[in-house]
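If you want the building blocks of each chain, they are given just below.
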Amino acid sequence: MLDARGLVKDYRRNRAVDGVDLVVRAGERVALLGPNGAGKTTTLLMILGVVSPDEGAVSICGFDLAHQRSRAAECVGFAAGYLPLTERMRVREYLRLYGQLYGIVEPNPLIDAGLERFRISDLAGAMGTELSSGQRTLIGIVRATLHRPRLLVLDEPTASLDPDVAQRVRAGLLDLCGRDGTALLMTSHDMSDVEQVCERVIFLSHGRIVADGSPATVASSYGRGDLAGVFLHLAEGHESSGSQQSDHP
Amino acid sequence: MTQLRAEPASTMTTGSKSWLRMRAIAKRHAYVLVRSPHRLFDVTLWPLVDVLLFGSLAAFVGTSGTTPAAKASGYLLAGIVLWHVIYQSQIAMSTGLLEETWTRNLLNLMVTPLREIEYLGGVALFGMVKLVMGVGVMVLGALAFFSFDTWSLGFGLVPIVAILLVVGWAISLLVMGLVLRFGTGAEALAWGVMFVLLPLSGVFYPTKALPTAMQPLALALPTTHAFTALRSLVDHRGSDWNQLTIAAVGSLAMLGLSMWFLVAMLRAFRKRGYITRYT
C-alpha cells in the first residue's frame, strides 16, 4: 500500500528526516509518533508528495510518487487538525469540490454517508466559518475519506476535539478501516488515541525510526508500562543535545 | 450504515477527470466571487471608473477639434478597454492562487490528485468569466457615456484580444512563481507589474512618445505591437498583420518562459518545503 524507502530531508539548518523506511500494508493501522521536531510531519508531507525528498522514494498503491503523483494521490486521503476548511463554501459544497477533485462525478450519496458515519449530517448546510474547530476537523476527515481511499493519512486528527467527539472520530476510523480495508497512518500526541486505534506504532526521534512494533512490544522494549512512558523518555532525550544514543531502547 | 462505493476514478478517462477537476476549481472561485461582494468591484466598479476617467479625458482632448486630438481621443478609449483584457486576465489568475495562500488552502489542494495544469485551467476558466464581465462593463460604459462603440473596430479586435489574453496569463504565471518562491510578500507584484507595463506598452500613444532610452524596451514587449495594431484599427487602416505577427510570437514566447519559470519555482517550493508557510 505504502512503500517509502530511505527518505532523507535536509532543511537549511538541520536534517529533518534521516533515512526513514516505512511500509504500511493494506488494512494496517499505524501510528507515527515522536516528540515535536522528530520529523513526523515532514515524513507525512513527503509521503503525500507535497515535499520532495532529498533522497529515497515513495510508492503508493504501486504508483511512484515522483512520476505519478496524481495517480498515487487518488489512493490517499489526508486530513489534519490544523487545516482550515476552504472558505466561503457550505459544507456540502466543500465536500462536493473535493469529491470532484478525486474524480467522483456525483458525490452527494457519498457525502451523505460520510456525514452520517461521523453523525454530523446536520452540518451539511452550514458555512465553514460557522463551525467549531472540532466540527471542522470532523468535516476534514469526511472529506479525506469521501473517495474511500486505500490509505488514510491523518496528522493530529483529534488535537482540538472534546473527549466525546474524539471518541466518535476513533469509532468512525475503526469502522472505516474495518469495512473498507483502508490502511491508516496517523500522527498523534494523544497516546490513548493510538492505543485504541492503532495496532502498530513507529517512534521517530531526530528524524530516525527508533522503535517499530505493536504498542505493547514497543512499551516493554523501553521498560515502560505504556506508550506515554516511551514518549516521555524520547522527548527528554530529544531536548538534551547530542543524545541520539539514548533514543534507542 | 449504507455501503457506498465511489465510482472508481480509474474508470474515467484522464481527459474527463481533468475536465471535472477544472470545473470544480472554477466553481470554487465562483463561490469566492459571489460570496465576497467587495470582489465584484474588480469586475464592475473599477472598470467603470477607468472608462469614466479615460473617457472624460478623451472627451476633453477631443474638444480641440484638431485631427490629432480626435485620434488621441479614440486611442484613449480603445486603449483602456483593451488594457483591461490584460488586467482582468492577469488579476483573475494571480488572485486565484493568492486566495489559496490567504486562506491557507494550498495543502488541502496539493494532497489531491489535482495536477498543476488542471488548477491553472480551472482558474483560467473562471478568469474568462471575470474577463467577460469586466470588459463587458467597460464596453457598455464607453457606449453609454461617450458613444464609443468598441464593436465598430470590427473583427480585427479578435487577434488583438487573444494576444493580450495570452500576455495577461503569462504575467500571472510569473507572479504565481514569485509568490510560491517568496511567499505572499510578493503579491504586490500582482498589481505593480501592470503599472510598469502600462506606460511602456504605448497603450494610449505611439511608443515614439516615450523617452528615447525607453523605446527599445518598449519595442521588446509584445503588448506594444498589439496596441500599435489596435491604433491601426482606430485609424481605420485595417489590421496591421506585421505588428500582430510580432505580438503573437512575442506573447507565446513570454508564455513559454513564464511556464518554465513557474515549473522551476514549484520544484523549489516542494524541494524547500515552503508549504509550511501556509499550514
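A quick note: this is a predicted structure, and the numbers were derived from the prediction, not measured. (Residues numbered from 1 in each chain as written. Chains lettered and ligands numbered in written order. Predicted model: local features only at pLDDT ≥ 70, side-chain atom pairs only at ≥ 80, totals over all residues.)

### Looking at the overall build of chain A
Argument step 1. Across its full length, chain A holds nine helices and ten strands.
Argument step 2. On C-alpha atoms alone, chain A measures out to a radius of gyration of 18 Å, which is about the 18 Å that the 2.2 N^0.38 rule sets for 249 residues.
Argument step 3. With the principal axes as the frame, chain A shows a C-alpha extent of 55 × 40 × 35 Å.
Argument step 4. Relative to its full complement of 249 residues, chain A shows a buried share of 53%.
Argument step 5. Of the contacts formed within chain A by residues at least 6 apart in sequence, a portion of 67% connects residues at least 24 apart. (Helix = DSSP H or I, 4+ residues; strand = E, 2+ residues; numbered from the N terminus. Rg over C-alpha atoms; globule rule 2.2 N^0.38 Å. Buried ≥ 20, exposed ≤ 12 C-beta atoms within 10 Å, placed from the backbone. Contact = placed C-beta atoms within 7 Å.)

### Observations regarding the sheet that holds strand 7 (residues 151-155) of chain A
Pairing between sheet strands relies on hydrogen bonds along the backbone, with the strands arranged either parallel or antiparallel.
Residue and element names in this part refer to chain A.
Argument step 1. What the six strands build is an open sheet, ordered 6-7-8-3-9-10; its pairing is mixed. Two strands in the sheet have a free side with no partner beyond their single neighbour: strand 6 (76-80) and strand 10 (208-213). Sheet twist, expressed as the average angle between the axes of neighbouring strands with direction ignored, equals 15°.
Argument step 2. Bridge count between strand 3 (residues 29-33) and strand 8 (residues 183-187): four bridges; the pairing is parallel. (Pairing = 2+ DSSP bridges. Axes fitted to C-alpha atoms, helices over the stretch in contact; angles between N-to-C directions.)

### Some details on the interface of chain B and chain A
Argument step 1. Counting residues at the interface gives 33 residues for chain B and 34 residues for chain A.
Argument step 2. Elements with a contribution of two residues or more to the side of chain B that touches chain A: helix 1 (14-34), helix 4 (106-110) and helix 10 (241-271) of chain B.
Argument step 3. Looking at the side of chain B that touches chain A element by element, the count peaks at seven residues for helix 1 of chain B.

### A closer look at the sheet that holds strand 5 (residues 63-64) of chain A
All names here are of chain A.
Argument step 1. Here we have four strands laid out as an open sheet, ordered 2-1-4-5, and antiparallel in their pairing. Of all the strands in the sheet, just strand 2 (15-24) and strand 5 have a single pairing partner and so form its edges.
Argument step 2. Where strand 1 (residues 2-10) lies against strand 2, seven bridges are found, and the strand directions are antiparallel. Directly across from Leu-7, in strand 2, lies its bridge partner Val-20.
Argument step 3. The sheet strands contacting helix 1 (residues 40-47) are strand 1, strand 2 and strand 4 (55-60), and the helix crosses strand 1 at an angle near 120°.

### What to know about the packing of helix 2 (residues 45-62) of chain B against helix 5 (residues 116-146) of chain B
Residues and elements named next belong to chain B.
Argument step 1. Their axes nearest at 9 Å, the elements helix 2 and helix 5 cross at an angle of 35°. In this structure, the crossing between helix 2 and helix 5 has a hand that is right-handed. Between helix 2 and helix 5, the contacting residues are Pro-47, Leu-48, Asp-50, Val-51, Leu-52, Gly-55, Ala-58 and Ala-59 on the first element and Gly-134, Val-137, Met-138, Gly-141, Ala-142, Phe-145 and Phe-146 on the second. (Left-handed = near helix turned anticlockwise from the far one by under 90°.)

### Let's talk about the nonpolar core
Argument step 1. In terms of nonpolar packing, the biggest core is built from 150 residues, with A:Leu2, A:Leu151, A:Val153, A:Leu185, A:Ile202 and A:Phe203 touching the most fellow members.
Argument step 2. Of all the elements, helix 6 (residues 157-182) of chain B adds the most residues to this core, at 17 residues.
Argument step 3. In contact with A:Leu2, not counting residues within four places along its chain, are A:Leu22, A:Val23, A:Val24, A:Ile47, A:Ile60, A:Leu151, A:Ala183 and A:Leu185. (Core = buried A, V, L, I, M, F, W, Y, C linked by C-beta atoms within 7 Å.)

### Description of the packing of helix 5 (residues 133-145) of chain A against helix 6 (residues 163-180) of chain A
Residue and element names in this part refer to chain A.
Argument step 1. Packing of helix 5 against helix 6 brings their axes to within 11 Å, and their N-to-C directions diverge by 5°. One finds that helix 5 runs roughly parallel with respect to helix 6. Seen from helix 5, the contacting residues are Gly-134, Leu-138, Ile-141 and Thr-145; seen from helix 6, they are Val-165, Val-169 and Leu-176. (Parallel < 35°, antiparallel > 145°, perpendicular 65-115°, else oblique.)

### Brief notes about unusual backbone geometry
Argument step 1. Of note, the phi angle at A:Arg148 is positive, near 50°, even though the residue is not glycine.
Argument step 2. By the secondary structure assignment, A:Arg148 is in the loop between helix 5 and strand 7.
Argument step 3. Residue B:Arg104 is not a glycine yet carries a positive backbone phi of 55°.
Argument step 4. Structurally, B:Arg104 is set in the loop between helix 3 (67-102) and helix 4.

### Quick look at helix 1 of chain A
Residue and element names in this part refer to chain A.
Argument step 1. Burial runs high along helix 1: eight of the eight residues are buried.
Argument step 2. All of the buried residues in helix 1 are Lys-40, Thr-41, Thr-42, Thr-43, Leu-44, Leu-45, Met-46 and Ile-47.
Argument step 3. Looking at the residues trailing helix 1, positive phi occurs at Gly-49, about 80°.

### Some thoughts on the confidence of the model for chain B
Residues and elements named next belong to chain B.
Argument step 1. Looking at chain B as a whole, the pLDDT averages 91, with 96% of positions reaching at least 70.
Argument step 2. This model gives residues 1-8 a pLDDT under 50, and the stretch forms 14 contacts once residues within four places in sequence are excluded.
Argument step 3. For this predicted complex, the interface confidence score (ipTM) comes to 0.89, while the overall pTM stands at 0.90. (pLDDT = per-residue confidence, 0-100.)

### Some words on helix 2 of chain B
Residues and elements named next belong to chain B.
Argument step 1. In this model helix 2 runs 25 Å from its N-terminal to its C-terminal C-alpha over 18 residues, within 8% of the 26 Å that 1.5 Å per residue would give.
Argument step 2. The complete set of buried residues in helix 2 reads Pro-47, Val-51, Phe-54, Gly-55 and Ala-58. What you see down the axis of helix 2 is that its buried residues fit within an arc of 110°, all on one side. More than 90 degrees from the buried face of helix 2, the exposed residues found are Leu-45, Val-49, Leu-53 and Phe-60. (Expected span 1.5 Å × (residues − 1). Arc of directions from axis to C-beta.)

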